[in-house]
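# Analysis of the macromolecular model
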Amino acid sequence: QVRLVESGGGLVQTGDSLRLSCAASGRSFEGIVMGWFRRPPGKEREFVGAINWSGGSTRYEDSVKGRFTISRDNAKNTLGLQMNSLKPEDTAVYYCAATYSTMLVTSPAQYFYWGQGTQVTVSS
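Calculation rules
- Position labels on residues start from 1 in each chain and follow its written sequence.
- The model is predicted, so local features are restricted to residues of pLDDT at least 70 and side-chain atom pairs to those at 80 or more, both for listing and for counting; the totals for chains, interfaces and linings are taken over all residues.
- To get the side-chain values, take all heavy atoms of the structure and skip hydrogens and water.
- Pairing between strands requires that DSSP locate at least two bridges from one strand to the other.
- Runs of E in the DSSP output that reach at least two residues are strands. Runs of H or I that reach at least four are helices, and both are numbered from the N terminus.
- Angles here are taken between N-to-C directions and fall from 0 to 180 degrees, while the axes themselves are lines fitted to C-alpha atoms, restricted in helices to the stretch in contact.
- Salt-bridge detection follows one rule: a side-chain nitrogen of Lys or Arg within 4 Å of a carboxyl oxygen of Asp or Glu.
- Note that a disulfide, as used here, is simply two cysteine sulfur atoms within 2.5 Å.
- The cut-offs for exposure are 20% and 50% of the maximum accessible area for each residue type, with area from a 1.4 Å probe on protein chains only; residues under the lower value are buried, those over the upper are exposed, and the others partly exposed.
- Side-chain rings of Phe, Tyr and Trp, where Trp is taken by its six-membered ring, are said to pair if the distance between their centres is within 6.5 Å; with planes under 30 degrees apart they count as stacked, over 60 as edge-to-face, and otherwise as tilted.

Pairing is antiparallel across the open sheet formed by four strands, whose spatial order is 1-3-8-7. With partners counted over all chains shown, the strands left at the sheet margins are strand 1 (2-7) and strand 7 (68-73), one partner each. The sheet shows a mean angle of 15° between the axes of neighbouring strands, direction not considered. Of the pairings in the sheet, the one linking strand 3 (residues 18-26) to strand 8 (residues 78-83) comprises six bridges and is antiparallel in character. Within strand 8, the residue paired with Ser21 across the bridge is Gly80.

Structure representation (structure tokens):
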């Protein structure tokens, strides 16, 4: 079993930055792909970005490219999401997720482990 706990959400203004963290615990994380998803108000959960085991490969949803950066520290079992130039449309509950995969998968259905989510609200 893998346990994921997000932190770092909050209320910010347009153009601000925010960093989310995800602490992972449980079974071995070798080979795990980790990702960030978000659920905007009234919408389905959507892919934000993913990172492979080594951290050498990342993938992002088009609307966050150039603004968001995923990172991981395998020694500390943590995942990060640096969010810059935030926009009101980034408002959502953000989730950390993990799966065993050789590919940077983007579908929520392909992730087996989820955190409880952290709220990010960007005011205009």
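So, on to unusual backbone geometry. Even without being glycine, Asn77 reaches a positive phi, approximately 55°. Among the secondary structure elements, Asn77 is positioned in the loop between strand 7 and strand 8. Non-glycine residue Ser85 carries a positive phi angle of around 50°. Looking at the element boundaries, Ser85 is found in the loop between strand 8 and strand 9 (92-100).

Taken together, the six bridges between strand 1 and strand 3 define a ladder with antiparallel strand orientation. In the strand pairing of strand 3, Leu4 is matched with Ala24.

Going through the model one piece at a time under the given rule, you end up with four salt bridges. For the salt bridge of Glu46 with Arg38, the shortest nitrogen-to-oxygen distance reads 2.7 Å. Salt-bridge contacts for Asp90 lead to Arg38; the nearest nitrogen and oxygen are separated by 3.0 Å. On the criterion of sequence distance, the pair formed by Asp90 in the loop between strand 8 and strand 9 and Arg38 in strand 4 (residues 32-39) is long-range, its members being 52 residues apart. In this structure, a network of salt bridges that share partners links the residues Arg38, Glu46, Arg67 and Asp90.

With that settled, consider the state of the cysteines. As used in these notes, a disulfide is a covalent bond between sulfur atoms, one from each of two cysteines. One pass over the full model with this rule turns up one disulfide. Paired by a disulfide, Cys22 and Cys96 hold their sulfur atoms 2.1 Å apart. Because the sign of the S-S torsion sets the handedness, a value of about -75° for the bond joining Cys22 and Cys96 places this disulfide among the left-handed ones. Here Cys96 lies in strand 9 and Cys22 lies in strand 3, a separation of 74 residues in the sequence. You'll find Cys22 and Cys96 in the same group, each marked buried.

Counted according to the given criterion, the structure contains five aromatic pairs. Centre to centre, the rings of Phe37 and Phe47 are 5.7 Å apart; their planes meet at 75°, and the pair counts as edge-to-face. Of the two residues, Phe37 is situated in strand 4 and Phe47 in strand 5 (residues 46-51); the sequence distance between them amounts to 10 residues. Phe47 matches Phe37 in its accessibility class, with the two residues each being buried. Each ring, one from Phe37 and one from Trp114, has its centre 5.0 Å from the other, and the planes form 55°; the classification is tilted.

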